[in-house]
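Working through the structure, step by step
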Amino acid sequence: MPVLTYRDALNHALREEMERDPDVFLMGEEVGVYQGAYKVSRGLLQQFGDRRVIDTPIAELGFAGIGVGAAMVGLRPVIEFMTWNFALLAIDEVVNSAAKMLYMSGGQIPIPIVFRGPGGAALQLGAQHSQAFESWLANVPGLKVVAPATPYDAKGLLKSAIRDDNPVIFLEGEMLYNNKGEIPEGEYTVPLGLADVKRAGTDVTIVCHSKTVATAEKAARQLAGEHGLEAEVVDLRTIRPLDTETLLASVRKTNRCVIVEEGWPFCGVGAQVVDEIQRHAFDDLDAPVERVTGADVPMPYNKLLERAAKPSVDAVIGAARRAAYVD
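Every value quoted in this text rests on a predicted model; they were computed, and no experiment measured them.

Taken in spatial order, the five strands make up an open sheet running 9-11-10-13-14, and their pairing is mixed. Each having just a single partner strand, strand 9 (196-199) and strand 14 (290-292) make up the two edges of the open sheet. Going from strand to strand, the sheet's axes swing by 25° on average, the running direction of each strand aside. The pairing of strand 10 (residues 204-208) with strand 13 (residues 257-260) spans three bridges and is classified as parallel. Within strand 13, the residue paired with V207 across the bridge is I259.

Turning next to the domain arrangement of the protein chain. What the domain assignment reports for the protein chain is domain 1 (3-182) and domain 2 (196-323). Inter-centroid distance (C-alpha atoms) of domain 1 to domain 2 is 26 Å. The junction of domain 1 with domain 2 conceals about 2100 Å² of combined surface from both sides, 56% of it contributed by carbon and sulfur atoms. The interface formed by domain 1 and domain 2 includes two salt bridges. A salt bridge links K198 to D153, with the nearest nitrogen and oxygen atoms 2.9 Å apart. For the interface between domain 1 and domain 2, the tally reads 14 residue pairs in polar contact (both at pLDDT 80 or more).

Counting buried positions along strand 5 (residues 114-119) yields six of six residues, so the element is predominantly enclosed. Of the pairings in the sheet, the one linking strand 4 (residues 76-80) to strand 5 comprises three bridges and is parallel in character. The residue of strand 5 that forms the bridge with I79 is F115. Handedness of the strand 4-helix 4 (residues 91-104)-strand 5 crossover: right-handed.

A word on the sheet that holds strand 3 (residues 53-55). On the basis of which strands lie adjacent, the open sheet formed by seven strands has the order 3-2-4-5-7-6-12 and mixed pairing. Strand pairing shows two members of the sheet lacking a second neighbour, strand 3 and strand 12 (238-240), which therefore form its edges. For this sheet the average axis-to-axis angle between neighbouring strands, irrespective of direction, equals 20°. Inspection of the sheet shows strand 6 (residues 144-146) paired to strand 7 (residues 168-173) by three bridges, in the parallel sense. Looking across to strand 7, one finds that K144 is bridged to V168. Helix 1 (residues 6-20) contacts strand 2 (24-28), strand 3, strand 4, strand 5 and strand 7 of the sheet and is inclined by roughly 150° relative to strand 7. Strands in contact with helix 3 (residues 60-72) are strand 2, strand 4 and strand 5; relative to strand 4, the strand with the most contacts, it is inclined by about 165°.

On to the side chain of R76, then. One can find R76 in strand 4. R76 sits in the buried class, given a relative accessible area of 16%. Not counting residues within four places of it along the chain, the set of residues in contact with R76 comprises D21, D23, V24, F25, P112, I162, R163, D164 and D165.

Moving on, we get to the side chain of Q131. On the secondary structure map, Q131 appears in the loop between strand 5 and helix 5 (134-138). Of the polar contacts made by the side chain of Q131, one reaches the side chain of N85; its length is 2.9 Å. Non-local contacts of Q131, meaning those with residues more than four positions away in its chain, are made with N85, G119, G120 and W264.

According to the stated counting rule, one finds zero disulfides in the structure shown. Not part of a disulfide, C208 finds its nearest cysteine sulfur in C257, a span of 10 Å.

About the thresholds
- Residues numbered from 1 in each chain as written.
- Predicted model: local features only at pLDDT ≥ 70, side-chain atom pairs only at ≥ 80, totals over all residues.
- Heavy atoms only, no water.
- Pairing = 2+ DSSP bridges.
- Helix = DSSP H or I, 4+ residues; strand = E, 2+ residues; numbered from the N terminus.
- Axes fitted to C-alpha atoms, helices over the stretch in contact; angles between N-to-C directions.
- Domains from an automatic or database assignment.
- Buried area = accessible area lost by both parts, 1.4 Å probe.
- Salt bridge = Lys/Arg side-chain N within 4 Å of Asp/Glu carboxyl O.
- Polar contact = N/O pair within 3.5 Å; in protein donor to acceptor, adjacent residues only side chain to side chain.
- Buried < 20%, exposed > 50% of the residue type's maximum accessible area, 1.4 Å probe, protein only.
- Right-handed = clockwise from strand over helix to strand, strands pointing away.
- Contact = heavy atoms within 4.5 Å.
- Disulfide = S-S within 2.5 Å.

Written out as structure tokens, the structure is:
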């Protein structure tokens, strides 16, 4: 199978969907002439022209609103935010217009729109450019929230998101764009709302998504090699809708769970996962559920402090050992 980077997998998904459906178009800052801040839209302007690959001013509220209006009349916009940190300026259109219109119109006005772009921390970009907003956005009824970890999932999920008749939030880990992975030849999609077991195990379930999948997998390898614990790694892939069936099946098998996320702990994605587990698999637990999150502070700029504020392999190993009563 061909090996592509995460950014090229997204590029292929956009290209294939724009070729398949003339109603799909891309709009955002520097998506055209500059070919994307992270080069995800490379070559699309040359192929599809400036009516379908539209450069915008630095005005997130404005072009997000244009996208919502376009979706209301039947087009399928893909709105790229240069970073989800900047999307705070467009949150009114995302939450009050896109998320609510289908419900408020009694089902008469679908909003087939994708809001996509990089999120979370990169390297020393400071507190205002390093925020993971999964839990914020997943809190809103009407939005679907997707956070893929691999090139395979990124391509398949983006194609499904573009075809969905609901607004989809598509969060791309900012440190994932250069990651490589195998992509099948030909057409494929990955369904929204379906988690994936990235590594099978019997002793503890590690639940993760986006950038924390790599952290969880590395921790799982070390747990097996150095501590004799076989961890099962469950990649949520989609935060909302949440695949509770796959999640609970894993917890019922291992009887222990560690949840890893980049975002802040208070009201985080992990808090929702803990609630699902305690309501539906409480009797299967042999230990309290552990959570590994980003630090509950604005992201530091200092390199060492920033590293300490992110979920680490050592922190995941420590949580897994506590869950297994090794420590």
